[in-house]
Amino acid sequence: MSSAIEVTSAVKRFGEILALDNLSFRIELGEIFGLIGPNGAGKTTALRIASTLLLPTSGTVKVFGLDVVNDSAQVRKVITYLPEEAGVYRNLSGWEYLKFMAKFNTENKHEIDRMVEEAAEISGLGERLKDKAKTYSKGMKRRLLVARALMSKPRLAILDEPTSGLDVLHSYHVREIIKRHVKEERVTVLLSSHNMLEVEHLCDRVALLDKGKIVAKGKPQELKERFESENLEEVFAKVVGLV
Amino acid sequence: MFKGFVNILMKELKELLRDPKIFLGMIIIPVIMFPLLGAVMNFSVQSALEKVENATIIVLNNDEGNYSKFFINFLNLSLRIIVITNTTPEEVLNSLSKYNTTQFVEIPYGFSKNMTQHIQTPNQDITAFINFYAVFSGSSMFEQIGSSAIDGLVEQFNRNFAPNIVCTEKSAIIKEKIQKGVDPSMLSGLMISQSIAMPITIMILLQVSMQIAATSVAMEKEEKTLETLLSLPMDRFAILMGKLSGSILVAAVGALAYMIGFNYYLGSFTTTIPSEVDLVSLGLAPSLIGYLLLGISLFVALLSALALAVIMSAFAEDVRSAQSMIGFIYPLIFIPSLLLMFLDVNSIPFILRIIIYAIPFSHPVIAAKAVTMGDYLTAFWGIIYVTAFTLVIMYIASRLFATEKILTTKLKFKWLKIRRRTSVEEL
């Protein structure tokens, strides 16, 4: 077993809508892999399948060699998933939320405390963790959620638009958290984003997705050279024939 | 100031009327529900009136004087009567089922003599009594209508002679025994509590519990916490059970509070009943086993309502939609409760009775009446049926939580069928 994720000919249909069209890619251990593309490209569907929330219509998706359909319970033990529009429980404080989530990973009290302390540090929310989540700004909630996703030291973190809706400062903070954590803990990351600059900054490799298909794949620098572009945005435009 | 008002108004009307949830909940449901309720009420009143009109009353004449014959002739003008002479009221009890009646009047010995004395020497101390006996079963609000009819006829009779010349002494026949001096109207408080207060309380309890459960699931969707929860390393059945258990605990506290409250409520009506009358042994208040069966019946009905609410709300996108969806279950709670408020379940047409028995939320109301009258078997079978219904619903709910349907299935009102709907943004 040498790869963290192996997607082979994955197809997902929602009635008449073809969300994923014969998708195949592989992510190596310790890699940050980005799926980028416009709205409706199939990024979230791919991430939800890898998180065991959705089932592929056909094809296989394996996480550390475990099949997401047949071994879903085992898969959920080694991953964390951060949905794009994830929320927090309004009437729980930040501390209570982190503790509630930590208890799903372990029953060991010391381990729970360690996770919560680590998440508190990752989030950088300090004393505000004592306040109820309904008093948090969007940026604070997202930092709390990213911290929740990383505190259990998952082998694979699946992050859907981790900086979605955040301002420059909060986006920068969240990106730094992910980058530092991956380096320190050797976590493999599969993320999606609209933000091509963010992907360029964070990812070791990317796959450009359009209408459920991968239209280009490689290291950001390689793609820019191959398509003679200054950035990934330009690469994408050229690949889908916009320019 | 009113520039654009019509434009805004038209937009609002279009938006509101095109929202299928509002259209169904605010317009279609009341259009169906109120005529249905009207029909139920009309049926209840009509059948009660027919009962009175067709009622046969036995008159036990132990006097056989002129005035007693005169009184019998007077009754005969308005009621269908059967006259029996020279026997005891206890003996008449055996004839009640023979003549298909639940009430009889006794004209005791000395009736004509007292009438004569009262007329000849106007002495208000001398009064002619009749005794009225009525079977009390506590099965519906209209049970005492026969007693009222006798009161009215006696009053009319007195107008021909003197005020209060004839007085009525009423006794209740409870479980085929005459309870002397226990006026059936004194027991009407009990009957009202059984016929009205109980169904209303059960309705409220079921409705509130369903709202709690539906909100709990819909909140996870609205606040976007469900996806995170489903991706955690835990059995999804545990999520369902956790949600149900939370609602069940709240509902169980509600059921307990209801039982305590009901007991006190019952107590407030029974203060007017002589202390020597043991209500439990007479079958006018539930025994300990009765209370236990009633509690279990209420609990399983609550459980089925909660499981149903969880399933319905799983199809909703937010709390508002969930509340609208469970609104469609409310008629299943209200209609049987209202029907049973006015009628005895055994007196309604067969098909309607089957429908009432098929609705799980009818059973606590049926059980409440049954256990009060000592009919534990009806309550027991109701519990068995509702438990089986609940297990089926919980199995469906667990299947729903175990698959991606919990995220992808949404109820589309447009075609009134369930289908998967995925917006482009979700892909």
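One can find the structure itself at the top, above this paragraph.
Residues numbered from 1 in each chain as written. Chains lettered and ligands numbered in written order. Predicted model: local features only at pLDDT ≥ 70, side-chain atom pairs only at ≥ 80, totals over all residues.

Things to note about helix 15 (residues 363-372) of chain B
One turn of the α-helix equals 3.6 residues, which is why residues spaced by three or four share an orientation. Basically, it comes down to this: Here the C-beta atoms are placed from the backbone, and a residue counts as buried if at least 20 other C-beta atoms lie within 10 Å of its own, exposed if 12 or fewer do, and partly exposed otherwise. The numbering of helices and of strands both runs from the N terminus, where a helix is a DSSP run of H or I of at least 4 residues and a strand a run of E of at least 2.
For helix 15 of chain B, a buried count of 10 out of 10 residues is recorded, marking the element as mostly surrounded by other parts of the structure. B:Gly374 occupies a position one or two residues after helix 15 of chain B and carries a positive phi of about 80 degrees.

Examining the sheet that holds strand 6 (residues 79-82) of chain A
All names here are of chain A. Our working definition: Strands are treated as partners if at least two bridges between them are detected by DSSP. Think of each axis as a best-fit line through the C-alpha atoms, taken over the contacting stretch in the case of a helix, with angles from 0 to 180 degrees between the N-to-C directions. A residue pair is marked as a contact if its C-beta atoms, positioned from the backbone, fall within 7 Å.
Strand order in this open sheet of six strands is 6-7-8-3-9-10, and the pairing throughout is mixed. Either end of the sheet is taken by a strand with one partner, and the two such strands are strand 6 and strand 10 (213-218). Taking the axes of each pair of neighbouring strands and ignoring which way they run, one obtains an average angle of 15 degrees across the sheet. By the bridge criterion, five bridges tie strand 7 (residues 156-160) to strand 8 (residues 188-193) in an arrangement that is parallel. Note that in strand 8 the partner of Leu 159 across the bridge is Leu 191. Against the sheet, helix 5 (residues 138-151) makes contact with strand 6 and strand 7, and its axis sits at roughly 170 degrees relative to strand 6, the strand it touches most.

Here we look at the interface of chain A and chain B
Put simply, the test is: Each residue gets one of three labels, nonpolar for Ala, Val, Leu, Ile, Met, Phe, Trp, Tyr, Cys and Pro, charged for Asp, Glu, Lys and Arg, and polar for the others, Gly among them.
With 27 residues of chain A in contact, the opposing surface of chain B contributes 19 residues. Sorting the residues of the side of chain A that touches chain B by element identifies strand 2 (17-28), helix 1 (43-50) and helix 2 (72-78) of chain A as the ones contributing at least two each. A breakdown of the residues in the side of chain A that touches chain B according to their chemical character gives 13 nonpolar, 10 polar and four charged.

With respect to the packing of helix 11 (residues 288-314) of chain B against helix 15 of chain B
A pair of packed helices is characterised by two quantities: the angle between their axes and the separation of those axes. Residue and element names in this part refer to chain B. Rules: Roughly parallel refers to an angle under 35 degrees, roughly antiparallel to one over 145, roughly perpendicular to one between 65 and 115, and oblique to any angle outside these ranges.
Direction vectors running N to C along helix 11 and helix 15 enclose 175 degrees, while the axes themselves pass 9 Å from each other. It follows from the interaxial angle that helix 11 and helix 15 lie roughly antiparallel. Contacts between helix 11 and helix 15 pair Gly 290, Leu 293, Leu 294, Ser 297, Leu 298 and Ala 301 from the former with His 363, Pro 364, Ala 367, Ala 368, Val 371 and Thr 372 from the latter. When the residues that make up the contact of helix 11 with helix 15 are grouped by side-chain class, the tally is eight nonpolar, four polar and no charged.

Quick look at the nonpolar core
Let me state the cut-off plainly: The nonpolar core is taken to be a set of buried Ala, Val, Leu, Ile, Met, Phe, Trp, Tyr and Cys residues joined by way of C-beta atoms within 7 Å.
One finds A:Ala50, A:Val63, A:Ile158, A:Val189 and A:Leu190 to be the most contacted residues of the largest nonpolar core, which totals 77 residues. Ranked by the residues each element gives to this core, the list is headed by helix 5 of chain A, at eight residues. Here A:Val63 is in contact with A:Ala4, A:Ile5, A:Ala50, A:Val68, A:Val75, A:Val78, A:Ile79 and A:Leu156, once residues within four sequence places are set aside. The next biggest cluster of nonpolar side chains, apart from the first, holds 64 residues, and it includes B:Met203, B:Ile356, B:Ile366 and B:Ala379.

Thoughts on helix 5 of chain A
Residues and elements named next belong to chain A. Stated formally: Residue count minus one, scaled by 1.5 Å, sets the expected span of a helix.
Given a rise of 1.5 Å per residue, 14 residues ought to cover 20 Å, and the 20 Å separating the end C-alpha atoms of helix 5 matches this to within 8%. Here helix 5 lies mainly inside the structure; 12 of its 14 residues are buried. Within helix 5, burial applies to Met 140, Lys 141, Arg 142, Arg 143, Leu 144, Leu 145, Val 146, Ala 147, Arg 148, Ala 149, Leu 150 and Met 151. The elements touched by buried residues of helix 5 are strand 6, helix 3 (94-102), helix 4 (109-123), strand 7 and helix 6 (168-185). At the exit of helix 5 stands Lys 153, carrying a positive phi of roughly 50 degrees.

What to know about the pairing of strand 4 (residues 128-135) of chain B
Consecutive side chains along a regular strand alternate between the two faces of the sheet. Residues and elements named next belong to chain B. Sheet analysis places strand 3 (residues 103-107) next to strand 4, joined by four bridges and oriented antiparallel. Paired with Val 105 across the two strands is Phe 132, which belongs to strand 4. Note: strand 4 against strand 5 (residues 166-174), eight bridges, orientation parallel. Within the sheet, the bridge partner assigned to Tyr 133 lies in strand 5 and is Ser 171.

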